[in-house]
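# Understanding the architecture of this molecule
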Amino acid sequence: MHLLENELATSKLGQNIASLIINNCLQSSFEIHLEGNLGAGKTTIARSIIKYLGWNANVKSPTFSICEEYSFNNLLCLHVDLYRIDNQFDIDMLGLDDPVRDKQKIIIIEWPENIPYKRLPELHINIDHHDRKRIFKVSGSANKFINNLTKIYA
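Report on the accompanying structure. Since this is a predicted model, take the numbers as computed values, not measurements. (Residues numbered from 1 in each chain as written. Predicted model: local features only at pLDDT ≥ 70, side-chain atom pairs only at ≥ 80, totals over all residues. Heavy atoms only, no water.)

### What about helix α2 (residues 42-53)?
- Over its 12 residues, α2 extends 17 Å from the first C-alpha to the last, a length consistent with the 16 Å expected when each residue adds 1.5 Å.
- With nine of 12 residues buried, α2 lies mostly within the body of the structure.
- Of the surrounding secondary structure, the elements contacted by the buried residues of α2 are α1 (7-24), β2 (29-35), β3 (67-72), β4 (75-81), β5 (104-110) and β6 (123-130).
- Positive backbone phi, at 130°, marks glycine 54, one or two positions downstream of α2. (Helix = DSSP H or I, 4+ residues; strand = E, 2+ residues; numbered from the N terminus. Expected span 1.5 Å × (residues − 1). Buried < 20%, exposed > 50% of the residue type's maximum accessible area, 1.4 Å probe, protein only. Contact = heavy atoms within 4.5 Å.)

### A short note on the pairing of β6
- The pairing of β2 with β6 spans four bridges and is classified as parallel. Following the sheet pairing, isoleucine 32 is matched in β6 by leucine 123.
- Pairing between β6 and strand β7 (residues 133-139): seven bridges, direction antiparallel. Bridge pairing in β7 links histidine 129 to arginine 134. (Pairing = 2+ DSSP bridges.)

### A closer look at the packing of aromatic side chains
- If you walk through the whole model with that rule in mind, you get five aromatic pairs.
- Measuring from ring centre to ring centre gives 5.5 Å for tryptophan 55 and phenylalanine 72, while their planes differ by 55°; the resulting arrangement is tilted. Taken together, the positions of tryptophan 55 in the loop between α2 and β3 and phenylalanine 72 in strand β3 put the pair 17 residues apart, joining distant regions of the chain.
- By way of ring pairs, the aromatic residues Trp55, Tyr70 and Phe72 are connected into one cluster. (Phe/Tyr/Trp six-rings, centres within 6.5 Å; stacked < 30°, edge-to-face > 60°.)

Quick look at the structure:
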């Protein structure tokens, strides 16, 4: 478990993830799951990742749109909020697994626990309140990536 002192530190976590993606991720697709209760900082992390990957405009919350798409440089970022979704059909409509040509796809999913089937993300962050701070745990299938992120917070 790792401690985040405030919102700035939560944003910095997103920045560190973005930096690791830029420097270490050669995959055509990279999926991040952000799990935690309301107000834990999931959207703050997602916004920070997208911003530090190079998006220069506003990063909207996908709470009502379900999915916001950002296409820039050689990236396609899908920021998904599944808080109001609980069935496979609606998730399939998002096209998360649709192939993308000439771009790396970054998928950031808030509320992944609402997916009725198991997706294996490269990075899974579970974040929760701890007094006025946040604690987070990392897991996922990208072991080298996770080890590098864990070293930053050691």
